[in-house]
Amino acid sequence: MARRGAALELAVLGLLADSPMHGYELRKQVNGLLGWTRLLSYGTLYPCLKQLTRAGFIAADTETTPRGKRPRIVYRLTAEGKEYFTSLLEDGGPSAWDDENFGVRFALFARTSSPTRVRILEGRRSRLEERLENVRTAAATRRERMDAYTRELQRHGLESVEREINWLTELIDRERADAFSEHEDTSTTDKEK
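Residues numbered from 1 in each chain as written. Predicted model: local features only at pLDDT ≥ 70, side-chain atom pairs only at ≥ 80, totals over all residues. Heavy atoms only, no water.

The name that an unreviewed UniProt entry assigns to the protein is PadR family transcriptional regulator, with the source organism given as Aeromicrobium flavum.

Caption draft 1: Region of interest: the pattern of salt bridges. The tally for this structure, following the rule as stated, stands at twelve salt bridges. For Asp-99, the salt bridge goes to Arg-131, with nearest N and O atoms at 3.2 Å. Here Asp-99, found in the loop between α4 (79–89) and α5 (102–107), pairs with Arg-131, found in helix α6 (residues 114–142); they are 32 residues apart in sequence, far enough to count as distant. For Arg-131, a relative accessible area of 31% translates into the label partly exposed. We note a salt bridge from Arg-117 to Glu-175, for which the minimum N-O separation is 2.6 Å. Remark: Glu-175 occurs in helix α7 (residues 148–192) and Arg-117 occurs in helix α6; sequence separation between them is 58 residues. (Salt bridge = Lys/Arg side-chain N within 4 Å of Asp/Glu carboxyl O. Helix = DSSP H or I, 4+ residues; strand = E, 2+ residues; numbered from the N terminus. Buried < 20%, exposed > 50% of the residue type's maximum accessible area, 1.4 Å probe, protein only.)

Caption draft 2: Just the packing of aromatic side chains, in detail. Enumeration according to the criterion identifies four aromatic pairs in this entry. Plain terms: the ring middles of Phe-102 and Phe-106 are 5.8 Å apart, the flat faces sit at 35 degrees to each other, and that makes the pair tilted. Of this pair, Phe-102 and Phe-106 are both found in helix α5, four residues apart, which corresponds to roughly one turn of the helix. Among the residues examined, Phe-102 registers a relative accessible area of 6% and is labelled buried. Members of the aromatic cluster, joined through ring pairs, are Phe-102, Phe-106, Phe-109 and Trp-167. (Phe/Tyr/Trp six-rings, centres within 6.5 Å; stacked < 30°, edge-to-face > 60°.)

Caption draft 3: Region of the structure containing the environment of Ala-96. Relative to the elements of secondary structure, Ala-96 occurs in the loop between α4 and α5. Given a relative accessible area of 0%, Ala-96 falls into the buried group. Along the chain, Ala-96 and Ile-120 lie 24 residues apart, while their C-alpha atoms are 6.3 Å from each other. Excluding residues that lie within four positions of it along the chain, Ala-96 makes contacts with Asp-91, Asn-101, Phe-102, Arg-105 and Ile-120. (Contact = heavy atoms within 4.5 Å.)

Caption draft 4: Just the packing of helix α1 (residues 6–18) against helix α3 (residues 42–54), in detail. Contact pair α1 / α3: the axes reach a minimum separation of 10 Å and the direction vectors enclose 70 degrees. Classified by the interaxial angle, the pair formed by α1 and α3 is roughly perpendicular. For the pair α1 and α3, the contacting residues are Leu-8, Glu-9, Val-12 and Leu-13 in the first and Thr-44, Leu-45, Cys-48, Leu-49 and Leu-52 in the second. Class assignment of the residues belonging to the contact of α1 with α3 gives a composition of seven nonpolar, one polar and one charged. (Axes fitted to C-alpha atoms, helices over the stretch in contact; angles between N-to-C directions. Parallel < 35°, antiparallel > 145°, perpendicular 65-115°, else oblique. Nonpolar A, V, L, I, M, F, W, Y, C, P; charged D, E, K, R; others polar.)

See the structure below:
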(Lines give C-alpha, C1' and ligand atoms only; values in the text may rest on other atoms or scores of the structure.)
Protein backbone atom coordinates (compact mmCIF):
# COMPACT_ATOMS: atom_id res chain seq x y z
CA MET A 1 0.00 0.00 0.00
CA ALA A 2 3.01 2.32 -0.32
CA ARG A 3 1.81 3.70 -3.64
CA ARG A 4 0.33 7.14 -4.10
CA GLY A 5 -3.43 7.17 -3.67
CA ALA A 6 -3.46 4.30 -1.18
CA ALA A 7 -4.90 6.55 1.55
CA LEU A 8 -7.76 7.57 -0.74
CA GLU A 9 -8.43 3.95 -1.69
CA LEU A 10 -8.54 2.92 1.97
CA ALA A 11 -10.80 5.84 2.87
CA VAL A 12 -13.24 5.02 0.05
CA LEU A 13 -13.36 1.34 1.00
CA GLY A 14 -13.82 2.21 4.67
CA LEU A 15 -16.71 4.56 3.98
CA LEU A 16 -18.40 2.16 1.57
CA ALA A 17 -18.07 -0.58 4.20
CA ASP A 18 -20.52 1.48 6.26
CA SER A 19 -23.05 2.10 3.50
CA PRO A 20 -23.40 2.65 -0.26
CA MET A 21 -22.92 6.26 -1.41
CA HIS A 22 -23.05 8.35 -4.54
CA GLY A 23 -20.00 10.31 -5.66
CA TYR A 24 -20.95 13.67 -4.13
CA GLU A 25 -21.63 12.18 -0.69
CA LEU A 26 -18.52 10.03 -0.90
CA ARG A 27 -16.38 13.05 -1.73
CA LYS A 28 -17.84 14.96 1.21
CA GLN A 29 -17.21 12.06 3.59
CA VAL A 30 -13.67 11.43 2.31
CA ASN A 31 -12.84 15.12 2.76
CA GLY A 32 -14.05 14.82 6.35
CA LEU A 33 -11.92 11.73 6.88
CA LEU A 34 -8.77 13.20 5.30
CA GLY A 35 -9.09 16.40 7.33
CA TRP A 36 -8.97 20.05 6.52
CA THR A 37 -5.41 20.02 5.19
CA ARG A 38 -6.20 17.89 2.12
CA LEU A 39 -9.25 18.60 0.03
CA LEU A 40 -10.22 15.97 -2.50
CA SER A 41 -11.28 16.90 -6.03
CA TYR A 42 -13.59 14.89 -8.25
CA GLY A 43 -10.63 14.58 -10.63
CA THR A 44 -8.91 12.49 -7.97
CA LEU A 45 -11.94 10.62 -6.61
CA TYR A 46 -13.45 9.31 -9.85
CA PRO A 47 -10.29 7.67 -11.21
CA CYS A 48 -9.96 5.90 -7.84
CA LEU A 49 -13.60 4.75 -8.05
CA LYS A 50 -13.07 3.48 -11.59
CA GLN A 51 -9.93 1.58 -10.55
CA LEU A 52 -11.72 -0.02 -7.57
CA THR A 53 -14.66 -0.94 -9.83
CA ARG A 54 -12.36 -2.54 -12.44
CA ALA A 55 -10.66 -4.51 -9.66
CA GLY A 56 -14.06 -5.79 -8.52
CA PHE A 57 -13.80 -4.24 -5.05
CA ILE A 58 -16.76 -1.91 -5.53
CA ALA A 59 -19.82 -1.94 -7.78
CA ALA A 60 -21.48 1.07 -9.39
CA ASP A 61 -25.29 0.94 -9.52
CA THR A 62 -27.42 3.49 -11.34
CA GLU A 63 -30.05 5.04 -9.11
CA THR A 64 -33.33 6.05 -10.73
CA THR A 65 -34.21 9.71 -10.35
CA PRO A 66 -37.25 11.87 -11.18
CA ARG A 67 -37.75 12.57 -14.88
CA GLY A 68 -35.41 15.16 -16.26
CA LYS A 69 -32.76 14.65 -13.60
CA ARG A 70 -29.54 12.92 -14.40
CA PRO A 71 -29.34 9.45 -12.82
CA ARG A 72 -26.87 9.12 -9.97
CA ILE A 73 -24.37 6.34 -9.61
CA VAL A 74 -24.30 4.73 -6.18
CA TYR A 75 -21.14 2.88 -5.19
CA ARG A 76 -21.17 -0.12 -2.86
CA LEU A 77 -18.57 -2.53 -1.53
CA THR A 78 -18.56 -6.04 -3.03
CA ALA A 79 -17.71 -9.24 -1.13
CA GLU A 80 -14.22 -9.12 -2.69
CA GLY A 81 -13.97 -5.49 -1.63
CA LYS A 82 -14.81 -6.39 1.97
CA GLU A 83 -12.07 -9.03 2.00
CA TYR A 84 -9.58 -6.62 0.43
CA PHE A 85 -10.51 -3.87 2.90
CA THR A 86 -10.05 -6.25 5.84
CA SER A 87 -6.62 -7.26 4.56
CA LEU A 88 -5.61 -3.60 4.16
CA LEU A 89 -6.68 -2.85 7.73
CA GLU A 90 -4.44 -5.60 9.10
CA ASP A 91 -1.40 -4.39 7.14
CA GLY A 92 0.70 -2.68 9.79
CA GLY A 93 3.80 -2.17 7.68
CA PRO A 94 5.76 1.05 7.08
CA SER A 95 3.27 2.55 4.64
CA ALA A 96 0.61 2.49 7.39
CA TRP A 97 2.49 4.99 9.52
CA ASP A 98 3.82 7.35 6.85
CA ASP A 99 2.53 10.90 6.53
CA GLU A 100 0.31 10.09 3.55
CA ASN A 101 -1.60 7.19 5.14
CA PHE A 102 -1.45 7.54 8.91
CA GLY A 103 -4.46 9.85 9.32
CA VAL A 104 -6.78 7.57 7.37
CA ARG A 105 -5.40 4.49 9.11
CA PHE A 106 -5.96 6.13 12.49
CA ALA A 107 -9.52 7.15 11.56
CA LEU A 108 -10.23 3.45 10.86
CA PHE A 109 -8.61 2.12 14.05
CA ALA A 110 -11.95 0.98 15.50
CA ARG A 111 -11.96 -1.72 12.80
CA THR A 112 -8.32 -2.67 13.25
CA SER A 113 -7.03 -5.31 15.67
CA SER A 114 -5.20 -4.14 18.79
CA PRO A 115 -1.82 -5.69 17.83
CA THR A 116 -1.99 -3.96 14.44
CA ARG A 117 -2.92 -0.63 16.06
CA VAL A 118 0.07 -0.89 18.41
CA ARG A 119 2.39 -1.80 15.52
CA ILE A 120 1.20 1.23 13.53
CA LEU A 121 1.43 3.60 16.50
CA GLU A 122 4.93 2.36 17.38
CA GLY A 123 6.04 2.64 13.77
CA ARG A 124 4.72 6.19 13.53
CA ARG A 125 6.40 7.17 16.80
CA SER A 126 9.71 5.64 15.69
CA ARG A 127 9.55 7.44 12.35
CA LEU A 128 8.87 10.77 14.07
CA GLU A 129 11.63 10.25 16.66
CA GLU A 130 14.08 9.62 13.83
CA ARG A 131 12.86 12.71 11.97
CA LEU A 132 13.09 14.80 15.14
CA GLU A 133 16.69 13.75 15.74
CA ASN A 134 17.64 14.54 12.13
CA VAL A 135 16.07 18.00 12.31
CA ARG A 136 17.76 18.75 15.66
CA THR A 137 21.13 17.69 14.28
CA ALA A 138 20.69 19.78 11.14
CA ALA A 139 19.46 22.77 13.14
CA ALA A 140 22.46 22.66 15.46
CA THR A 141 24.90 22.82 12.55
CA ARG A 142 23.05 25.61 10.71
CA ARG A 143 21.67 27.65 13.61
CA GLU A 144 23.99 30.64 13.20
CA ARG A 145 23.09 30.95 9.49
CA MET A 146 19.31 31.06 10.12
CA ASP A 147 17.33 34.26 10.46
CA ALA A 148 14.86 34.69 13.34
CA TYR A 149 11.85 33.59 11.28
CA THR A 150 13.50 30.42 10.05
CA ARG A 151 14.54 29.57 13.62
CA GLU A 152 10.98 30.20 14.81
CA LEU A 153 9.52 28.00 12.08
CA GLN A 154 11.95 25.26 13.01
CA ARG A 155 11.10 25.60 16.71
CA HIS A 156 7.38 25.35 15.88
CA GLY A 157 7.98 22.24 13.77
CA LEU A 158 10.04 20.58 16.51
CA GLU A 159 7.37 21.31 19.14
CA SER A 160 4.67 19.90 16.87
CA VAL A 161 6.59 16.66 16.34
CA GLU A 162 7.37 16.39 20.07
CA ARG A 163 3.64 16.80 20.86
CA GLU A 164 2.74 14.10 18.35
CA ILE A 165 5.35 11.74 19.84
CA ASN A 166 3.92 12.32 23.33
CA TRP A 167 0.38 11.73 22.03
CA LEU A 168 1.45 8.51 20.31
CA THR A 169 3.16 7.30 23.49
CA GLU A 170 -0.05 7.91 25.45
CA LEU A 171 -2.07 6.01 22.84
CA ILE A 172 0.36 3.09 22.87
CA ASP A 173 0.30 2.93 26.67
CA ARG A 174 -3.51 3.06 26.70
CA GLU A 175 -3.76 0.39 23.99
CA ARG A 176 -1.42 -1.91 25.89
CA ALA A 177 -3.26 -1.32 29.18
CA ASP A 178 -6.59 -2.12 27.50
CA ALA A 179 -5.14 -5.30 25.99
CA PHE A 180 -3.72 -6.30 29.37
CA SER A 181 -7.01 -5.70 31.21
CA GLU A 182 -8.90 -7.68 28.52
CA HIS A 183 -6.41 -10.52 28.99
CA GLU A 184 -6.85 -10.35 32.78
CA ASP A 185 -10.66 -10.40 32.39
CA THR A 186 -10.44 -13.46 30.17
CA SER A 187 -8.08 -15.23 32.60
CA THR A 188 -10.40 -14.52 35.54
CA THR A 189 -13.44 -15.77 33.61
CA ASP A 190 -11.58 -18.94 32.58
CA LYS A 191 -10.57 -19.64 36.20
CA GLU A 192 -14.15 -19.22 37.39
CA LYS A 193 -15.35 -21.92 34.98
